[in-house]
Structure formats: C-alpha cells, structure tokens
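The primary structure of each chain is shown beneath.
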Amino acid sequence: MAGALMLAGSSLAQSGSITLYSGRGKTFVEPIVERFEKESGIKVNVRYGKDAELVALLRQEGARSPADVFWGNSVGAMGQLDADGRFVRLGSNITRPVAREYMPASGNWVPTTLRFRTLAYSSERVKASQLPASVFDLPKMNQFKGRIGWTLSYPSFQDFLAGMIAQHGEAKTRQWLLDMKKLNPVDYKTSNVNMMEAIRAGQIDMGLTNHYYIQRVGKLGYPVETHFFKAGDIGNLGNATGVGVLKTSKNPAAASRLVQKMVSSDAQNFFMGVNFEYPVIGNTYTPSGMLPYADAVKRSPRISASALPKNLEKAQKLLRETGLL
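What counts as what
- Residues numbered from 1 in each chain as written.
- Predicted model: local features only at pLDDT ≥ 70, side-chain atom pairs only at ≥ 80, totals over all residues.
- Heavy atoms only, no water.
- Helix = DSSP H or I, 4+ residues; strand = E, 2+ residues; numbered from the N terminus.
- Rg over C-alpha atoms; globule rule 2.2 N^0.38 Å.
- Buried < 20%, exposed > 50% of the residue type's maximum accessible area, 1.4 Å probe, protein only.
- Contact = heavy atoms within 4.5 Å.
- Areas by Shrake-Rupley, 256 points an atom, 1.4 Å probe, with all protein chains shown as cover.
- Arc of directions from axis to C-beta.
- 1 Å grid on protein atoms, 1.4 Å probe; cavity = no way out; pocket = protein on both sides within 12 Å on 5 of 7 lines; lining within 4 Å.
- Points joined across faces, edges and corners; volume = space filled by probe spheres on them.
- Nonpolar A, V, L, I, M, F, W, Y, C, P; charged D, E, K, R; others polar.
- pLDDT = per-residue confidence, 0-100.
- Expected span 1.5 Å × (residues − 1).
- Bend = angle between axes of the 7 residues up to and from the residue.
- Axes fitted to C-alpha atoms, helices over the stretch in contact; angles between N-to-C directions.
- Parallel < 35°, antiparallel > 145°, perpendicular 65-115°, else oblique.
- Left-handed = near helix turned anticlockwise from the far one by under 90°.
- Pairing = 2+ DSSP bridges.
- Phe/Tyr/Trp six-rings, centres within 6.5 Å; stacked < 30°, edge-to-face > 60°.
- Lys NZ or Arg CZ within 6 Å of the ring centre and 35° of its normal.

*Asks:* Sorry if this is basic, but what is going on with the overall build of the protein here?
*Replies:* Scanning the protein from N- to C-terminus turns up 13 helices and 9 strands. Its C-alpha radius of gyration of 20 Å places the protein within 12% of the 20 Å reference for a compact globule of 325 residues. Viewed in the frame of its principal axes, the protein has a C-alpha envelope of about 65 × 40 × 30 Å. By residue count, 56% of the 325 residues in the protein fall in the buried class. Counting contacts in the protein only where the partners sit at least 6 residues apart, residues at least 24 apart contribute 77% of the total. Here the protein has roughly 13,400 Å² of accessible surface; of this, 50% comes from carbon and sulfur atoms.

Have a look at this one:
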C-alpha cells in the first residue's frame, strides 16, 4: 500500500483544512476527497469550475487566493499556472512513482491520469474501412458533411490544437480548422457526453473525443467504437490531467499529502476503474476490460509537456480568428 495510505490513523494524521480548486468534475473528485479526509483527518473544501475559469480566478486573486491545491483537466492549464510561477516544487516522495516521460521539466506539478485523443464512430452506420489514417484526412470526408462532432471549448480539444501547432505549425493548423469548418461539424461545446449520445441517436456519425468517453458508453451497450489514427498522428495525442500545490497555500504540508494521495496506487486504480483513464505510475499496460488499448501510448506522438501550454493561447486565438469560437 502506498505510503500516503499508511498515515491513516497514525500519529502523523493532521487536522485543519485546505482548499482545492478543481477543473475536474464532482463525481470524479468527491470520492477521492472523501477517502483522503477519512484517512488524514484533513478537511478539503472544493471549488469546482472549468480550467480556464479557475486559471483566470487564480490570476485575479493573486497572493490573496485561498487555494492550496489546483487540480487541472489539461496540461495546458497546468502549464499556464506553472509559467506564472504559482506552484511550489514538489518533493521526490511525490514525483518518484510517476513515469518520467509524463513529468513536466519544472517538477512543480504531477500528472494524475493520461487520456488519448481518438475518433469515436457509429459501428452501425460507419465501416472501419472508411475511417481516415490521419486526422488531417478527416476534412476530406465530404460524405459525412454535417455528421461529425467536436467540442471546441473543451480543454482537451484545445490542448490537441496546441499539440498540432507544436508539431505542424500555426499555418497547417489554421488550414485544418478551415477545412473542417467546410464540413459543418456540430460543436458540442464542452460536453463529450452529449456528443456520444448524439452518435447513438443517429444525429451524427462520428466525433473527436477522449478515449474514455467511448469506454463509458460502451459499458452501456452503445454502438460506438474507437478509431485510432496511424502511429504518431497528432489525432492520437496523449494528454494528462495534473495537480500541484500553490504558493498561496497556508497549509503546504497538508496540501502535499493530498497531491501524494492522487499518485498513490489506490487513487490510480480508482481513476482507471471509474473513468477508464490511464495511470501515470508506470508506462506499460496489459489489455483489459478497462484499458483495452495497450498500444495507445505507442500510437501517441511524443510532444513535451511544456509544448502544450506554450501554444494554448495560439490555439484559442486560431479558433476565434477562424470564426469557430
């Protein structure tokens, strides 16, 4: 059992409270918070919001912020706050279990889970042989005009665009957006769940999403399947959620214990079992009912964690300039 769990009920257990700003949803966060509170005796007050909202709030609050910990839904948000100098450097007892290739160079925050971009499609209306080898071939599929979905305001989609800029440049990314726009794709804003429902209902035939949304509806028997593009294609981008201790923390020891909890084997198994996200404490996976795509890591392009936040504002600017946002 991870060291963080062994503290439960010991003389090291603490009282007091900390405040968590979370870009992750309540149904995902609450169980981990409740376990941590029970084990540590530390009360966690959670403020929920979208990544962009919370980043803006932290910048507005500055040194007066009551937040101790930030749990972000994307590398982009974590990188923005790291660049602002808002995180404290984490101890090796926290970072040591995490696979090196997913750690940011600064060491100021840790990834908590991995997700991969994929193309969801209806197995009832689309043949696998019709699907493109590259995400850059998607705009050529005129037969699906008005039948493709995406989530332009969702952090992982915007990180995907940032990754595209990092790998292929702004000009090619802009052209991809303009070419996609000609297909009249349906924007589901930040709701990948609604997009999966639309595929099931026959309103669209496919959509760009994170892999785990397809796994979730698969459990419900929806005829929605996963398509990975060719190995190394930006359409398979791996993206991490992440957590860090903020410099505004009034209780950094307790905040660090919460972060350590999130990279414990207990929490990692929870994330995998509940949300079908890939763990970060190790880099090999055995195919299972929860994570059937053992080759997802190999298919994902290698882009540094720092490349996404550096290009996130460029991605958001392109969305506005192309009239998509």
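*Asks:* Where do I start with helix α3 (residues 51-61) in this structure?
*Replies:* For an α-helix, the turn length of 3.6 residues means that residues three or four places apart are oriented alike. Among the residues making up α3, those that are buried are D51, L54, V55, L57, L58 and E61. Here the buried residues of α3 occupy an arc of 160° about the axis, which is enough to place them on one side. The exposed residues of α3 that point more than 90 degrees off its buried face are A52, E53 and Q60. The first or second residue beyond α3 is G62, which carries a positive phi of 60°.

*Asks:* For this particular structure, what's the right way to read unusual backbone geometry?
*Replies:* Note on backbone geometry: most residues besides glycine have negative phi, and most peptide bonds are trans. We note that N184 has phi near 50°; this positive angle belongs to a residue other than glycine. Mapped onto the elements of the fold, N184 is located in the loop between α7 (170-181) and β6 (186-187). The backbone of K189 shows a phi angle near 55°, a positive value even though the residue is not glycine. K189 gets classed as exposed once you look at its relative accessible area, which sits at 52%.

*Asks:* Teacher, can you tell me more about the layout of surface pockets here?
*Replies:* Over the atoms rolls a probe the size of a water molecule, and in doing so it shows where empty space is left. Taken as a whole, the largest pocket spans an internal volume of roughly 510 Å³. Contributing to the lining of the largest pocket are 22 residues, with R24, G25, N73, Y213 and R216 lying nearest its centre. Secondary-structure elements contributing two or more residues to the lining of the largest pocket are α2 (26-40), α8 (192-201), α9 (211-219) and α11 (265-275). At 3 residues, α9 tops the list of elements feeding residues into the lining of the largest pocket. In the lining of the largest pocket, the residues fall into 8 nonpolar, 10 polar and 4 charged. In this structure, the second largest pocket occupies an estimated 310 Å³ of space. Considering the residues around the second largest pocket, the lining is formed by 19 residues, among which E101, Y102, G238, I303 and A305 are closest to the centre. With 3 residues, strand β9 (residues 238-245) is the largest single contributor of residues to the lining of the second largest pocket.

*Asks:* Explanation requested: the confidence of the model for the protein in the structure shown.
*Replies:* Keep in mind that low pLDDT regions are not for reading the predicted coordinates in detail. On average, residues of the protein carry a pLDDT of 89, and 91% of them reach 70 or more. For residues 1-13, every residue scores under 50 in pLDDT, and the model assigns this stretch 17 contacts once sequence neighbours within four places are set aside.

*Asks:* I would appreciate a short explanation of helix α13 (residues 307-321) in the present structure.
*Replies:* With 15 residues, α13 ought to run about 21 Å at 1.5 Å a step, and its terminal C-alpha atoms sit 21 Å apart, in line with that. In the structure, α13 departs most strongly from a straight axis at E313, where the bend amounts to approximately 30°. Every buried residue of α13 is listed here: A307, L308, P309, N311, L312, A315, L318 and L319. Those residues of α13 that are buried are in contact with α4 (75-83), α6 (155-168), α7 and β9. Immediately beyond the C-terminal end of α13, within one or two residues, lies G323, with a positive phi of roughly 75°.

*Asks:* Even after reading the chapter, I still don't get the packing of α7 against α13, so can you show me in this structure?
*Replies:* For any two helices packed against each other, the geometry comes down to the angle between their axes and how far apart the axes lie. Running from N to C, α7 and α13 point in directions that differ by 40°, and their axes come no closer than 10 Å. Looking at the two axes, α7 sits oblique to α13. The crossing of α7 and α13 is right-handed. Residue-level inspection shows E170, T173, R174 and L177 of α7 in contact with α13, the latter providing K314, L318, L319 and E321.

*Asks:* I tried to follow the pairing of strand β7 (residues 206-210) on my own but got confused; where do I start?
*Replies:* Side-chain direction in a regular strand flips from residue to residue, so the side chains alternate between the two faces of the sheet. β7 sits mainly inside the fold: 5 of its 5 residues count as buried. Relative to β7, strand β4 (residues 110-122) runs antiparallel, the two sharing 5 bridges. Bridging from a neighbouring strand, A120 pairs with G207 of β7. Note: strand β5 (residues 148-150) against β7, 2 bridges, orientation parallel. Among the inter-strand pairings, G149 is bridged to a residue of β7, identified as G207.

*Asks:* How should the packing of aromatic side chains be read in this particular structure?
*Replies:* Each aromatic ring pair is characterised by the separation of its centres together with the angle its planes make. Inspection of every chain in the model, using the stated rule, returns 12 aromatic pairs. One aromatic cluster is present, formed by F28, W71, F270 and F271 through successive ring pairs. The residue whose ring lies beneath R200 is Y222, and the NZ or CZ to ring-centre distance is 4.8 Å.

*Asks:* Any chance you could explain the pairing of strand β3 (residues 69-72) here in plain terms?
*Replies:* Residues V69 and W71 point to one face of β3 and F70 and G72 to the other, with burial holding for every one of them. Relative to β3, strand β1 (residues 17-22) is paired through 3 bridges, and the arrangement is parallel. Within β3, the residue paired with L20 across the bridge is V69.

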